[in-house]
Amino acid sequence: QVHLVESGGALVQPGGSLRLSCAASGSIGSINTMAWYRQAPGKERELVAAITGGGSTNYADSVKGRFTISRDNAKKMVYLQMNSLKPEDTAVYYCNADIRSYYSTTFLKLWGQGTLVTVSS
């Protein structure tokens, strides 16, 4: 059984920083693209950042220059460093990964449970 678990969400003031973490666990064969999504109240879930197995990254225009996605393949973790936070960054953040179980030949898209980030004075 494979799981993704996020952590690091908190209440932070505008201009502050947070680092979100997501750990994959279980009998994992391999992990391809990993990503962070977010969903604000009344809004659709949107892609924030993604990183491929080869290290290529992509960011939403709204977070370019402020957020950085990274991964540690040995630890099977993905991170999102969030700097210069704005109130509009307030959302539940979800990690996502395309993961193949050790016992499977196919990749599945897995989601974490979400972690709340609130940016407010």
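Numbers given to residues run from 1 along each chain, matching the order in which its sequence is written. With pLDDT at 70 or above as the cut-off, local features in this predicted model cover only qualifying residues; side-chain atom pairs require 80 or more to be listed or tallied, and sums for whole chains, interfaces and linings still use all residues. For side-chain calculations, the full set of non-hydrogen atoms in the structure is used, while hydrogens and water are omitted.

(A) Highlighting the pattern of salt bridges. Just to be clear on terms, a salt bridge is a Lys or Arg side-chain nitrogen sitting within 4 Å of an Asp or Glu carboxyl oxygen. Within the structure shown, the criterion is met by 5 salt bridges. Ionic pairing is found between Arg38 and Asp89, a salt bridge with its closest N-O pair at 2.9 Å. One end of the pair, Arg38, is in strand β4 (residues 28-39); the other, Asp89, is in the loop between β8 (77-82) and β9 (91-101), with 51 residues separating them in the sequence. In this structure Asp89 comes out as buried when scored by relative accessible area, which is 1%. Here Arg66 and Asp89 are joined by a salt bridge, their closest N and O atoms 2.8 Å apart. Of this pair, Arg66 sits in the loop between β6 (57-59) and β7 (67-72) while Asp89 sits in the loop between β8 and β9; the two residues are 23 residues apart in sequence, bridging distant segments of the chain. Connected through salt bridges with shared partners, the residues Arg38, Glu46, Arg66 and Asp89 form a single ionic network. Secondary structure counts use DSSP, requiring at least four H or I residues in a row for a helix and at least two E residues in a row for a strand, with both numbered from the N terminus. Residue exposure (1.4 Å probe, protein chains only): buried if accessible area is under 20% of the type maximum, exposed if over 50%, otherwise partly exposed.

(B) View of the side chain of Arg71. Secondary-structure assignment places Arg71 in strand β7. In this charge count, Lys and Arg are treated as positive and Asp and Glu as negative; neither His nor the chain ends contribute. It is Asp72 that comes nearest to the buried, bridge-free Arg71 among opposite-charge side chains, at 8.3 Å. Nitrogen and oxygen atoms within 3.5 Å of one another constitute a polar contact, given that in protein one can donate a hydrogen and the other can accept it, and given that sequence-neighbouring residues count only through two side-chain atoms. A polar side-chain atom of Arg71 sits 3.4 Å from the main-chain carbonyl oxygen of Ile51. Reaching out from Arg71, the side chain makes a polar contact with the side chain of Asn73 at a distance of 2.8 Å. Once residues within four sequence positions are removed from consideration, Arg71 is found in contact with Ile31, Asn32, Thr33, Met34, Ile51, Thr52, Gly53, Met77 and Val78. Residue contacts follow a heavy-atom distance rule, with two residues in contact if any of their heavy atoms lie within 4.5 Å.

(C) Region of the structure containing the pairing of β8. Summarising burial for β8: 5 of the 6 residues are buried, a large majority. As defined by bridge partners, strand β3 (residues 18-25) adjoins β8 across 6 bridges and the pair is classed as antiparallel. Within β8, the position partnered with Arg19 by the bridge is Gln81. When DSSP finds two or more bridges between a pair of strands, those strands are recorded as paired. Where β7 meets β8, 6 bridges bridge the pair, whose relative direction is antiparallel. The residue bridging Ile69 from the neighbouring strand is Leu80, located in β8. In sequence, β7 turns back onto β8 through a hairpin of 4 residues, with Lys76 there showing a positive phi of about 55°.

(D) Local environment of the nonpolar core. Judged by nonpolar contacts, the single largest core of 31 residues is most densely connected at Trp36, Leu80, Tyr93 and Ile99. Those elements that place two or more of their residues in this core are β3, β4, β5 (46-51), β7, β8, β9 and β11 (115-119). Looking at which element gives the most residues to this core, the answer is β9, with 5 residues. Only buried residues count toward a nonpolar core. Its members are Ala, Val, Leu, Ile, Met, Phe, Trp, Tyr and Cys residues joined through side-chain atoms within 4.5 Å.

Function cannot be inferred from these measures alone, as they are strictly geometric.
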